[in-house]
Amino acid sequence: MSGAVAPTRPCGRASRRRAWAELLRLPALFTVPGDALAGAAATSAAPGPRTLLAIGSSLCLYEAGMALNDWADREEDAAERPHRPLPSGRIHPAAALTAACALTGAGLALAARAGRPALAVAAPLAATVWAYDLALKHTPAGPPAMAAARGLDLLLGAAATTGRTREALSSAALLGTHTLAVTAVSRRETTGGSPLPPLAALATTAALARLATRRPPRPPAGRREAAPGGLPGTTPETEGAAVRTATETTASLLRPALAAAYAATAARPYLHATLNPSPPLTQRAVSGGIRATIPLQAALTARAGGLSAGLLVAALAPLGRRFARTVSIT
């Protein structure tokens, strides 16, 4: 008699958890840590505790943007995507807005813990996210704003790790260009009809893949390579040269492999959407472009000399793909 009412509550909790996972686009979170790691690598620094704070800040600000996006689009989604959490009634709009505010505050607090340079980047990043969702999304300034947000996120990793951002501007520009192309395609996600955005994104992907294979810039003047303790018959100079040669050989193999993975992830769905710009294929092109962010981040990290960090970022791609099978990434 006492066990007759058990099953209903877990189902409700599971439904609520899934609704929040859909609202926050949880599989897309795997595209975030690579920003900070690529930014740190661009400054020739190893990731440290401040880099982790930057990653935490990025995750919070990214999720704030996801919640705010659906809050701002709730009326449009009621007509075009009634299955989404807000128009379907599974999450109340006030809860989504509250989450966006709380996550923004948490993201800025984590950036402040990483230091003033990090907060100086995180503040305009948060402002760009809110401006995009509330005002710029459906204007010509929408794609550039989204590109700026992704570029700032990479610079956040550089600022948190070393306090410098200048060396990371090149990587930020490449990542921002990719985001610009994906966002331009996404503007026709529900209507389709034009092959030009996916065609432009396809050309952009080819150019970025080529740029990502180029050798990284020389280390800053005065930077000294660490050399291990003397081995018999060697000097610190010869050992340092051997280490640099081995590292560059590995990098020369890894950079084109990661760039090829980036191109392979994005190019095929872009090509399909170019040949048939229907809403389903356009949505697949957007998903492919988002997933391609990870191998591009990995390629940029390896390009700057962060080989281990680049492999770590690349390892996030299959995890994101696995979770995207159950929760949509767009």
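Residues numbered from 1 in each chain as written. Predicted model: local features only at pLDDT ≥ 70, side-chain atom pairs only at ≥ 80, totals over all residues. Heavy atoms only, no water.

How should I be thinking about the overall build of the protein chain in this particular structure?
Each helix and strand counted, the protein chain has 13 helices and zero strands in total. Of the regular secondary structure in the protein chain, the N- to C-terminal order runs α-α-α-α-α-α-α-α-α-α-α-α-α. For the protein chain, buried positions account for 45% of its 330 residues. Relative to all contacts within the protein chain whose residues are 6 or more apart in sequence, the contacts with residues 24 or more apart total 76%. Summing over all exposed atoms, the protein chain offers an accessible surface of approximately 16100 Å²; the carbon and sulfur share of this is 64%. (Helix = DSSP H or I, 4+ residues; strand = E, 2+ residues; numbered from the N terminus. Buried < 20%, exposed > 50% of the residue type's maximum accessible area, 1.4 Å probe, protein only. Contact = heavy atoms within 4.5 Å. Areas by Shrake-Rupley, 256 points an atom, 1.4 Å probe, with all protein chains shown as cover.)

I tried to follow the environment of Val 327 on my own but got confused; where do I start?
Looking at where Val 327 falls in the secondary structure, it is placed in the segment after helix 13 (316-323). A relative accessible area of 9% means that Val 327 is categorised as buried. On a C-alpha basis, the gap between Val 327 and Pro 27 in space is 6.9 Å, while along the polypeptide they are 300 residues apart. For Val 327, the contacting residues outside a window of four places in its chain are Arg 18, Ala 21, Glu 22 and Pro 27.

What is the right way to read the nonpolar core from this model?
The tendency in soluble globular proteins is for nonpolar side chains to be buried as a group. Of all hydrophobic cores here, the largest spans 59 residues; its most connected members are Leu 125, Leu 156 and Tyr 270. The element best represented in this core is helix 11 (residues 279-303), accounting for ten residues. The next biggest cluster of nonpolar side chains, apart from the first, holds nine residues, and it includes Ala 19, Leu 23, Leu 86 and Ile 91. (Core = buried A, V, L, I, M, F, W, Y, C linked by side-chain atoms within 4.5 Å.)

What's the story with the packing of helix 3 (residues 49-72) against helix 5 (residues 93-114) in this structure? I'm lost.
When two helices pack together, their arrangement is given by the angle between their axes and by how far apart the axes lie. Their axes nearest at 8 Å, the elements helix 3 and helix 5 cross at an angle of 160°. When the axes of helix 3 and helix 5 are compared, the pair comes out roughly antiparallel. Judged by the twist between their axes, the crossing of helix 3 over helix 5 is left-handed. Where helix 3 abuts helix 5, its residues Arg 50, Leu 53, Gly 56, Ser 57, Cys 60, Leu 61, Glu 63, Ala 64, Ala 67, Leu 68 and Trp 71 lie against Pro 93, Ala 96, Leu 97, Ala 100, Leu 103, Thr 104, Ala 106, Gly 107, Leu 110, Ala 111, Arg 113 and Ala 114. Considered class by class, the residues forming the contact of helix 3 with helix 5 number 16 nonpolar, four polar and three charged. (Axes fitted to C-alpha atoms, helices over the stretch in contact; angles between N-to-C directions. Parallel < 35°, antiparallel > 145°, perpendicular 65-115°, else oblique. Left-handed = near helix turned anticlockwise from the far one by under 90°. Nonpolar A, V, L, I, M, F, W, Y, C, P; charged D, E, K, R; others polar.)

Please explain the packing of aromatic side chains as it appears in this structure.
The geometry of two aromatic rings is summed up by the distance between their centres and the angle between their planes. Applying the stated rule across the entire model yields one aromatic pair. Here the basic side chain of Arg 74 rests over the ring of Trp 71, its NZ or CZ set 4.4 Å away from the ring centre. (Phe/Tyr/Trp six-rings, centres within 6.5 Å; stacked < 30°, edge-to-face > 60°. Lys NZ or Arg CZ within 6 Å of the ring centre and 35° of its normal.)

How should I be thinking about the pattern of salt bridges in this particular structure?
Oppositely charged side chains are able to pair whenever their charged atoms sit close together. In total, this model carries nine salt bridges according to the counting rule given. One salt bridge connects Glu 22 with Arg 18, and the closest N-O pair in it is separated by 3.1 Å. Of this pair, Glu 22 and Arg 18 both sit in helix 1 (residues 8-23), four residues apart, which is roughly one turn of that helix. With a relative accessible area of 18%, Glu 22 lands in the buried category. A salt bridge links Asp 70 to Arg 25, with the nearest nitrogen and oxygen atoms 2.8 Å apart. Of this pair, Asp 70 sits in helix 3 while Arg 25 sits in the loop between helix 1 and helix 2 (33-42), and the two are 45 residues apart along the sequence. Look at Asp 70 and you get buried, because its relative accessible area is 2%. Residue class for Arg 25 comes out buried when judged on its relative accessible area of 4%. Through salt bridges that share partners, Arg 25, Asp 70, Asp 77 and Arg 84 make up one connected network. (Salt bridge = Lys/Arg side-chain N within 4 Å of Asp/Glu carboxyl O.)

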